[in-house]
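Structural overview for review
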Amino acid sequence: MPILRIATRKSPLALWQAEHVAARLRGTHPGLQVQLVPLSTRGDEVLDRSLNEIGGKGLFLKELEIALANDEADIAVHSLKDMPAKLEAGFAIGAVLERGDVADAFVSNDCASLDELPQGARVGTSSLRRAAQVRAARNDLEIVDLRGNVGTRLSKLDSGDYAAIVLAAAGLQRLGLPQRIRARLAPPGWLPAPGQGAIAVELREGDARVAKLISPLDDVDARRTTAAERALNAALGGDCTLPLGAWCALENRALHLYGLLGDAPNGRVLRADARGEDPLKLGGEVARALREQGGEAMLRTL
């Protein structure tokens, strides 16, 4: 009986996502045995420094890709927003599942929205993109780095370390914690990370057997919209730590891509959007518009 091995991080959210993919595969291919291969990554282990300091979100992928390369796993399951715009040679995205909630979540025990926070309140986030948008809305707030899995971040909020934190809404929903969301920070006014809300399945490039098994999980709409968002990221030369917001909407089968480039220290944000049919061309068009507004100079300071 065929076996498919899934490399995954050990965090509760990563395990949920891997189990979700496993269930979809079992339902699609009766008789297929699916095994999880939980791994610890450097991004999970080093929590006392920001992601920028230790090399970016790509650190959440490396050990999983090593397992693929060594034939210790057949696929790896990731949050698409954690994947760099360009993968290492020898790897490919075999499926992007139907997208969940793309919004960020404002989480607080005392305030119902960002506007209600008291002057100078501490807001926790590990994302430069989120920090830039928080500061653009409320320049008086103190933004403090916050690392760890969802449970760790919520515990720090509950212990009083922060007045509020900002997380991905999809993560809270997938972990059965939608009640923790006090407000959705939603597009187009607030832009998520490229690919936010989508689960991606990575495989070895050229592995036809595995590609055939996972191809039924690929959602055409999620693939097109996230491709445009990731193309914008790639066109700006960025990785997962670039303070870039991107969201692509489907409008009568056409694509409408919104982009935001932020400066976390001062809260300055640049915005651009465009409509088109080709995700890659659209990403390049919005990137050019952001650069022309002053994004080129902003990128040089990062």
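Residues numbered from 1 in each chain as written. Predicted model: local features only at pLDDT ≥ 70, side-chain atom pairs only at ≥ 80, totals over all residues. Heavy atoms only, no water.

The next thing to look at is the overall build of the protein chain. Counting its regular elements, the protein chain contains 10 helices and 13 strands. The C-alpha radius of gyration of the protein chain comes to 19 Å, within 12% of the 19 Å expected for a compact globule of 302 residues. Seen along its three principal axes, the alpha-carbon backbone of the protein chain occupies a region of about 60 × 45 × 35 Å. Considering the protein chain as a whole, with its 302 residues, one finds that 55% of them fall into the buried category. Taking all contacts inside the protein chain whose residues are at least 6 apart in sequence as the whole, residues at least 24 apart take part in 68%. As displayed, the protein chain has an accessible area near 12800 Å², and 50% of this comes from carbon and sulfur atoms. (Helix = DSSP H or I, 4+ residues; strand = E, 2+ residues; numbered from the N terminus. Rg over C-alpha atoms; globule rule 2.2 N^0.38 Å. Buried < 20%, exposed > 50% of the residue type's maximum accessible area, 1.4 Å probe, protein only. Contact = heavy atoms within 4.5 Å. Areas by Shrake-Rupley, 256 points an atom, 1.4 Å probe, with all protein chains shown as cover.)

Among the secondary structure elements, Leu-117 is positioned in the loop between strand S5 (104-107) and strand S6 (122-124). C-alpha of Leu-117 to C-alpha of Val-37: the two residues are 80 residues apart in sequence and 42 Å apart in space.

Bringing the packing of helix H9 (residues 220-235) against helix H10 (residues 279-300) into the picture now. At a minimum axis distance of 7 Å, the contact between H9 and H10 shows a crossing angle of 40 degrees. Regarding the angle of H9 to H10, the classification is oblique. Note on packing geometry: the crossing formed by H9 with H10 is right-handed. On H10, the residues that touch Arg-224, Ala-227, Ala-228, Ala-231, Leu-232 and Ala-235 of H9 are Pro-279, Leu-280, Gly-283, Gly-284, Val-286, Ala-287, Leu-290 and Arg-291. (Axes fitted to C-alpha atoms, helices over the stretch in contact; angles between N-to-C directions. Parallel < 35°, antiparallel > 145°, perpendicular 65-115°, else oblique. Left-handed = near helix turned anticlockwise from the far one by under 90°.)

Another point: helix H5 (residues 128-137). Counting buried residues in H5 gives 7 out of 10 residues, a clear majority hidden from the surface. By the burial criterion, the buried members of H5 are Arg-129, Arg-130, Ala-131, Ala-132, Gln-133, Val-134 and Arg-135. The residue sitting at the N-terminus of H5 and contributing the capping side-chain oxygen is Ser-127; that oxygen lies 3.2 Å from the backbone nitrogen of Arg-129. (Polar contact = N/O pair within 3.5 Å; in protein donor to acceptor, adjacent residues only side chain to side chain.)

A few words on the sheet that holds strand S11 (residues 244-251). Here we have 3 strands laid out as an open sheet, ordered S11-S12-S13, and antiparallel in their pairing. Each having just a single partner strand, S11 and strand S13 (268-276) make up the two edges of the open sheet. Averaged over all pairs of adjacent strands, the angle between their axes in this sheet comes to 15 degrees, without regard to strand direction. For strand S12 (residues 254-263) and S13, the ladder comprises 9 bridges, and the chain directions are antiparallel. Following the sheet pairing, Leu-257 is matched in S13 by Ala-274. (Pairing = 2+ DSSP bridges.)

Another aspect to go through is helix H6 (residues 150-158). Taken together, the buried positions of H6 are occupied by Val-150, Arg-153, Leu-154 and Leu-157. Taken end-on, H6 shows its buried residues confined to a sector of 95 degrees, consistent with a single buried face. The elements touched by buried residues of H6 are helix H1 (12-28), S5, H5, strand S8 (164-168) and helix H7 (169-174). Between the side-chain oxygen of the N-cap and the backbone nitrogen of Gly-151 there are 3.1 Å, and the N-cap of H6 in question is Asn-149. With its phi angle positive at about 95 degrees, Gly-160 sits one or two positions after the end of H6. (Arc of directions from axis to C-beta.)

The next point concerns the sheet that holds S8. The mixed open sheet is built from 5 strands, whose spatial order is S7-S6-S8-S5-S9. With one partner strand each, in any of the chains shown, strand S7 (142-144) and strand S9 (183-185) form the two edges of the open sheet. Strand-to-strand, the axes of this sheet are offset by a mean angle of 30 degrees, without reference to chain direction. Of the strand pairs in this sheet, S5 and S9 are connected by 3 bridges, and their pairing is antiparallel. Paired with Phe-106 across the two strands is Ala-183, which belongs to S9. The strands touched by H6 are S5 and S8; relative to S8, the strand with the most contacts, the crossing angle is about 165 degrees.

Here we come to the packing of aromatic side chains. Inspection of every chain in the model, using the stated rule, returns 1 aromatic pair. Over the aromatic face of Tyr-162 sits the side chain of Arg-122, whose NZ or CZ is 5.5 Å from the ring centroid. (Phe/Tyr/Trp six-rings, centres within 6.5 Å; stacked < 30°, edge-to-face > 60°. Lys NZ or Arg CZ within 6 Å of the ring centre and 35° of its normal.)

With that out of the way, let us pick up the side chain of Ser-11. Turning to its location among the elements, Ser-11 is positioned in the loop between strand S1 (3-9) and H1. Its relative accessible area of 13% is what places Ser-11 among the buried residues. At 3.1 Å, the side chain of Ser-11 and the backbone nitrogen of Ala-14 are in polar contact.

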